[in-house]
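Report on the structure
Listed below are the residues making up each chain.
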Amino acid sequence: MSEAKGKGKQFLLDYRPSELFKEQHGFDVDDKTFCIMPFIHTSTTTNGEFRLCCRSTKIWDIKNIAFRDLWNHKKYKIVRNNLISGIRDPHCNACWSMEDKGITSLRQSQNYERTQEYAHLVATYKRTKESPWNIPIVEFKLSNLCNLKCRMCWPKDSTPWLQDWDAVKEIYEPGEQEYINNIIDSNDLRKKPVLNLFETHNTFVQDLYEIIDDIKEFEFAGGEPLMDPLHYNMLDRIKDPSDVILKYSTNLTDLEAKKGRNVLDLWEKFKAIRLTISVDGYDELNAYIRHGSIWNDIKENIQQTKERLGDKLDYIKASTCISALNVEYLVETFEAIDTDFDIMWHTSRLQWPTFLHANVLPVERLLAAKSKLIVKFESMQENSIREINNKRHIADAISWVDECIDTNKYDVNFEKFQKFNETLDVKRKEKFTGK
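Before going into details, it helps to say that this report is about the structure given with it. Bear in mind that the values here come from a model prediction, so they are computed numbers and not experimental data.

Conventions and cut-offs
- Residues numbered from 1 in each chain as written.
- Predicted model: local features only at pLDDT ≥ 70, side-chain atom pairs only at ≥ 80, totals over all residues.
- Heavy atoms only, no water.
- Helix = DSSP H or I, 4+ residues; strand = E, 2+ residues; numbered from the N terminus.
- Rg over C-alpha atoms; globule rule 2.2 N^0.38 Å.
- Contact = heavy atoms within 4.5 Å.
- Areas by Shrake-Rupley, 256 points an atom, 1.4 Å probe, with all protein chains shown as cover.
- Pairing = 2+ DSSP bridges.
- Axes fitted to C-alpha atoms, helices over the stretch in contact; angles between N-to-C directions.
- Buried < 20%, exposed > 50% of the residue type's maximum accessible area, 1.4 Å probe, protein only.
- Right-handed = clockwise from strand over helix to strand, strands pointing away.
- Core = buried A, V, L, I, M, F, W, Y, C linked by side-chain atoms within 4.5 Å.
- Salt bridge = Lys/Arg side-chain N within 4 Å of Asp/Glu carboxyl O.
- Parallel < 35°, antiparallel > 145°, perpendicular 65-115°, else oblique.
- Left-handed = near helix turned anticlockwise from the far one by under 90°.
- Polar contact = N/O pair within 3.5 Å; in protein donor to acceptor, adjacent residues only side chain to side chain.
- Phe/Tyr/Trp six-rings, centres within 6.5 Å; stacked < 30°, edge-to-face > 60°.
- Lys NZ or Arg CZ within 6 Å of the ring centre and 35° of its normal.

**Concerning the overall build of the chain**
Counting secondary structure elements, the chain contains 19 helices and 11 strands. The C-alpha radius of gyration computed for the chain amounts to 21 Å, which stays within 12% of the reference 22 Å derived for 435 residues, consistent with globular compactness. Taking the intrachain contacts of the chain between residues at least 6 apart in sequence as the baseline, contacts between residues at least 24 apart amount to 75%. Of the roughly 18500 Å² that the chain leaves accessible, carbon and sulfur atoms contribute 47%.

Okay, here's the thing in structure tokens:
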């Protein structure tokens, strides 16, 4: 399987940022740890956390620091220094874990895509030990407003999920229950299930609007970002949208989630739109995992988006989060996305809750899933960027199934997996029997 694990992604693994910095700026970085992201980017979560990127752990909390003060705080500087000098910073353990398993990490892909454009900001930091207060890329998770109840989600990221929390909370570990209950109680979500800490934080909004015209790429996730009013207010304030790129992680189930306003009318004004659509199974399976999602609605919205945006649609891809719910149906999911939606495929990996991790399934079922993926991999062509991309994600899925076999937790978590789904099946009046 060495060919399956490596082919199609070698260009990412072979990329050496150090060569660029030596040649253009006269200093060295350690290729094994360097990441461009903390020099150009920050990320928020719906419960008020600041992170280095969507994969990192919390670096600070909005309740304790102003947005402006965060950017050159000593915590950020420690991370930057570590990543330049070869130290694996613990905030970035998600990427280290992926790389140790032979799976392409966000660090590797972002270095390849962004280092050339933003190397000068690293050079500025290296020279002054300060990063300019004009962050070019920001990922906003502004609220938990959502219209779906995905099985791997929770009240922090989905307003309707609170309806089901009490029915399944005892299945979670005590510390996990406490963490979620604390978010619910401290934000009074039982009275009003909306988390919008950034919208109601005056200093954050003021700081944001101070640099809003310096931001070149806005990344939105949620919740469902197309439902969030602050998202629309922000974009309306941008003076020159024709020079700005918008990137979304969205379920794309409703182009008029903000009633009376079609988001395509707004997107047409911007330089480019990049869409990652969450699709966790083929038609029936996706509806089961992502409760409230309708396949044909997504298909129609994809078609409308393609037609309206034309060349402004920089890319559109469907992202499947690999879990115990869908690992046995990845080939069917990929084929449905490829043929029915006619867009690229992307994969990520569910790590939490642990009873939905793919390693809870019996080893024999994982081996069967791996065999299907290998057969698919061996039949795939690499004659276009899309085909190369899709084959790489099949290869990474094979690597991940291998990891799930090696770290199998069937004896520990399979009963929880069954109990969780049986409970939600009854509560939601649904059942998935397999294709």
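**Examining the sheet that holds strand 7 (residues 245-250)**
Pairing is mixed across the open sheet formed by nine strands, whose spatial order is 3-2-1-4-6-7-8-10-11. Each having just a single partner strand, strand 3 (58-61) and strand 11 (344-349) make up the two edges of the open sheet. Between one strand axis and the next, the sheet turns through 20° on average, direction left out of account. By the bridge criterion, three bridges tie strand 1 (residues 41-44) to strand 4 (residues 137-141) in an arrangement that is parallel. Of the residues in strand 4, the one forming a bridge with Ser 43 is Glu 139.

**Looking at the pairing of strand 1**
Judged by which residues are buried, strand 1 turns out to be covered on both faces: His 41 and Ser 43 on one side and Thr 42 and Thr 44 on the other are all buried. As judged from the two bridges shared by strand 1 and strand 2 (residues 49-51), these two strands associate in the antiparallel manner. By the bridge assignment, Ser 43 is partnered in strand 2 with Arg 51. In textbook terms, the turn of a hairpin is the stretch between consecutive antiparallel strands, and for strand 1 and strand 2 this stretch comprises four residues, one of which, Gly 48, has a positive phi near 90°.

**What about the environment of Val 401?**
With respect to the element layout, Val 401 can be found in helix 18 (residues 385-406). Along the primary structure Val 401 and Ile 322 are separated by 79 residues, whereas in three dimensions their C-alpha atoms are 9.4 Å apart. Each residue touching Val 401, except ones within four places of it in the same chain, is listed here: Val 327, Leu 366, Lys 370 and Leu 373.

**Some details on the pairing of strand 10 (residues 313-322)**
A regular strand places its side chains on the two faces of the sheet in alternate fashion. For strand 10, a buried count of eight out of 10 residues is recorded, marking the element as mostly surrounded by other parts of the structure. Pairing geometry for strand 10 and strand 11, over six bridges, is parallel. Its bridge partner being in strand 11, Cys 321 is matched across the sheet by Ser 348. In this region the chain leaves strand 10, passes through helix 16 (residues 330-341) and returns to the parallel neighbour strand 11; the handedness of that crossover is right-handed.

**Looking at the nonpolar core**
Nonpolar side chains in soluble globular proteins tend to end up buried together. One finds Phe 140, Phe 204, Phe 218, Met 234, Leu 246 and Trp 267 to be the most contacted residues of the largest nonpolar core, which totals 139 residues. Examining the composition of this core, we find that eight residues originate from one element, helix 18, more than from any other. The residues contacting Leu 246, other than those within four sequence positions of it, are Phe 218, Phe 220, Leu 235, Trp 267, Phe 270, Ala 272, Ile 273 and Arg 274.

**Examining the environment of Pro 225**
Counting through the fold element by element, Pro 225 comes out in the loop between strand 6 (217-221) and helix 12 (229-236). In this structure Pro 225 comes out as buried when scored by relative accessible area, which is 4%. Spatially, the C-alpha atom of Pro 225 lies 16 Å from that of Gly 292, the residues being 67 residues apart in sequence. Ignoring any residue separated from it by four or fewer positions in sequence, one finds Pro 225 in contact with Phe 220, His 231, Tyr 248 and Ser 249.

**Side note on the pattern of salt bridges**
In the structure shown here, the tally under the stated rule is 37 salt bridges. Across the salt bridge formed by Asp 100 and Arg 88, the nearest N and O atoms sit 2.9 Å from each other. With Asp 100 in helix 7 (residues 93-100) and Arg 88 in the loop between helix 6 (74-85) and helix 7, the pair connects residues that are 12 residues apart, well separated along the chain. Judged by its relative accessible area of 39%, Arg 88 falls in the partly exposed class. Salt bridges here are not isolated pairs; linked through shared partners, they connect Arg 114, Glu 217, Glu 219, Lys 247, Arg 274 and Asp 314.

**Considerations on the packing of helix 17 (residues 363-379) against helix 18**
Packed helices, taken two at a time, are described by the angle between their axes plus the distance between the axes. For the pair helix 17 and helix 18, interaxial distance at closest approach is 10 Å and the crossing angle is 160°. In terms of orientation, helix 17 and helix 18 fall into the roughly antiparallel class. Remark: the crossing between helix 17 and helix 18 carries left-handed chirality. For the pair helix 17 and helix 18, the contacting residues are Val 363, Leu 366, Leu 367, Lys 370, Leu 373, Ile 374, Lys 376 and Phe 377 in the first and Lys 391, Ile 394, Ala 395, Ala 397, Ile 398, Val 401, Asp 402, Cys 404 and Ile 405 in the second.

**Re helix 12**
Residues Leu 230, His 231, Tyr 232, Met 234 and Leu 235 constitute the buried set of helix 12. For helix 12, the secondary structure elements touched by its buried residues are strand 4, helix 11 (202-211), strand 6, strand 7 and helix 13 (263-267). With a side-chain oxygen positioned 3.0 Å from the backbone nitrogen of Leu 230, the residue opening helix 12 is Asp 228.

**Re the packing of aromatic side chains**
For the coordinates displayed, the defined rule picks out 32 aromatic pairs. Look at Phe 140 and Phe 220: their rings are 5.7 Å apart centre to centre, the planes differ by 25°, and that puts the pair in the stacked class. Placement of the pair is Phe 140 in strand 4 and Phe 220 in strand 6, with a sequence separation of 80 residues. Exposure remark for Phe 140: the relative accessible area of 1% places this residue in the buried category. A relative accessible area of 2% places Phe 220 in the buried class. When the centroid spacing of 6.4 Å and the interplanar angle of 80° are considered together, the rings of Tyr 172 and Phe 420 count as edge-to-face. You can see Tyr 172 sitting in the loop between helix 9 (162-168) and helix 10 (174-186) and its partner Phe 420 sitting in helix 19 (residues 410-428), a full 248 residues away along the chain. Members of the aromatic cluster, connected to one another through ring pairs, are Trp 154, Trp 165, Tyr 172, Tyr 179, Trp 352, Phe 355 and Phe 420. Here Arg 428 stacks its cationic end above the ring of Trp 161, 5.5 Å away from the centre of that ring.

**Here's the deal with the side chain of Asn 359**
On the secondary structure map, Asn 359 appears in the loop between strand 11 and helix 17. Classification of Asn 359 by relative accessible area gives buried; the value is 7%. Among the polar contacts listed, one links the side chain of Asn 359 to the backbone oxygen of Thr 407, at a separation of 3.2 Å. Those residues within four positions of Asn 359 in sequence are excluded, and the remaining contacts are Leu 366, Cys 404, Thr 407, Asn 408, Lys 409 and Tyr 410.

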